[in-house]
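# Topology and contacts: notes
If you want the building blocks of each chain, they are given just below.
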Amino acid sequence: ELKVEQNPLFLSMQEGKNYTIYCNYSTTSDRLYWYRQDPGKSLESLFVLLSNGAVKQEGRLMASLDTKARLSTLHITAAVHDLSATYFCAVNPLTGNQFYFGTGTSLTVIP
Amino acid sequence: NAGVTQTPKFQVLKTGQSMTLQCAQDMNHEYMSWYRQDPGMGLRLIHYSVGAGITDQGEVPNGYNVSRSTTEDFPLRLLSAAPSQTSVYFCASSTGTGSRAFFGQGTRLTVV
């Protein structure tokens, strides 16, 4: 069974600071996704990473994938309050298109 | 565009009752799936479908049934509701390999 672990589970950071969220998964995969969820809302797609070494950036967020280490990172640069949300990574198994999610990282950006 | 539509948004059931959560997508996606979200546990896959007539179990299938008679619809049935099924349920669809999933707005279910 594919396991996906995120850390930290909770993150409180000051505006303007940088931080990284980590996503580890247990079996071979080269398809990794990041989602954002605001309280009481649905999930919104942020990034799709489909190969080893893939890097995607959108605004203050940058995601990368290392398939050999089975690790993805979501880096936050100069955090702002609007980034406060829960961030999930998800992985497809090697065969199949179902998604296995991490437990999520609840991010709070403090002014 | 409607995207993925779930109904109802909220539901309260008594233990032992049955009900169906509806999910419909208008994007002609082959892949559809149901997840439940519980605090501290992320989203866990209940059942999924790779096309009309084809379904399979996910991580936590017990107590739930699905069917996929059309590409558009993927209902989730609770056979005999239990308090442990109190959760937020999300339906999602995607086109295929390497494509992101689109999520519905969720159904908040409480079983008393």
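Right, let's walk through the structure included here. Predicted model, so just to flag it, every value in this text is computed and none were measured.

So, on to the packing of aromatic side chains. Centre-to-centre distance and the angle between the planes together describe a pair of aromatic rings. The full count for this structure, using the stated rule, is 9 aromatic pairs over all chains. Pairing Tyr35(A) with Phe101(A) gives two aromatic rings, centres 5.8 Å apart and planes at 45 degrees, and the pair type is tilted. Of the two residues, Tyr35(A) sits in strand S4 (residues 32-37) while Phe101(A) sits in strand S10 (residues 100-101), which places them 66 residues apart along the sequence. For Tyr35(A), a relative accessible area of 0% puts it in the buried group. On the basis of relative accessibility, which here comes to 8%, the residue Phe101(A) falls in the buried class. Considering the side-chain rings of Phe90(B) and Phe103(B), the 6.4 Å spacing of their centres and the 80 degrees angle between planes classify their relative orientation as edge-to-face. With Phe90(B) in strand S9 (residues 87-94) and Phe103(B) in strand S10 (residues 102-103), the pair connects residues that are 13 residues apart, well separated along the chain. Just as Phe90(B) is buried, Phe103(B) falls in that class too. Among the aromatic residues, those joined into a ring-pair cluster are Tyr35(A), Phe88(A), Phe101(A), Tyr35(B), Phe90(B) and Phe103(B).

Quick look at the sheet that holds strand S6 (residues 55-58) of chain A now. All names here are of chain A. Read from one edge to the other, the open sheet built from 5 strands follows the order S1-S3-S8-S7-S6, with strand pairing classed as antiparallel. Each edge of the open sheet is held by one strand with a lone partner, namely strand S1 (4-7) and S6. Averaged over neighbouring strand pairs, the angle between their axes works out to 15 degrees when direction is ignored. Where strand S7 (residues 61-66) lies against strand S8 (residues 71-76), 6 bridges are found, and the strand directions are antiparallel. Note on S8: the bridge partner recorded for Met 62 is His 75.

In terms of nonpolar packing, the biggest core is built from 43 residues, with Leu32(A), Trp34(A), Tyr35(A), Phe101(A) and Phe103(B) touching the most fellow members. Among the elements that make up this core, the one with the highest residue count is strand S9 (residues 85-91) of chain A (6 residues). If we skip the residues at most four places from it in the chain, Phe103(B) touches Tyr35(A), Ser42(A), Leu43(A), Phe101(A), Val4(B), Tyr35(B), Leu43(B), Phe90(B), Cys91(B) and Ala92(B). Core analysis: the next-biggest nonpolar cluster, separate from the first, contains 18 residues, Val4(B), Leu13(B), Phe74(B) and Cys91(B) among them.

This part covers the interface of chain A and chain B. Facing the 20 residues of chain A at the interface are 21 residues of chain B. Between chain A and chain B the total buried area reaches about 1,700 Å² when both faces are included, carbon and sulfur atoms providing 57% of it. Our count for the chain A to chain B interface comes out at 0 salt bridges. Here chain A and chain B share 6 residue pairs in polar contact (both at pLDDT 80 or more) between them. Those elements giving two or more residues to the side of chain A that touches chain B turn out to be S4, strand S5 (43-49) and S10 of chain A. In the side of chain A that touches chain B, the residues fall into 9 nonpolar, 8 polar and 3 charged.

Conventions adopted
Residues numbered from 1 in each chain as written. Chains lettered and ligands numbered in written order. Predicted model: local features only at pLDDT ≥ 70, side-chain atom pairs only at ≥ 80, totals over all residues. Heavy atoms only, no water. Phe/Tyr/Trp six-rings, centres within 6.5 Å; stacked < 30°, edge-to-face > 60°. Helix = DSSP H or I, 4+ residues; strand = E, 2+ residues; numbered from the N terminus. Buried < 20%, exposed > 50% of the residue type's maximum accessible area, 1.4 Å probe, protein only. Pairing = 2+ DSSP bridges. Axes fitted to C-alpha atoms, helices over the stretch in contact; angles between N-to-C directions. Core = buried A, V, L, I, M, F, W, Y, C linked by side-chain atoms within 4.5 Å. Contact = heavy atoms within 4.5 Å. Buried area = accessible area lost by both parts, 1.4 Å probe. Salt bridge = Lys/Arg side-chain N within 4 Å of Asp/Glu carboxyl O. Polar contact = N/O pair within 3.5 Å; in protein donor to acceptor, adjacent residues only side chain to side chain. Nonpolar A, V, L, I, M, F, W, Y, C, P; charged D, E, K, R; others polar.

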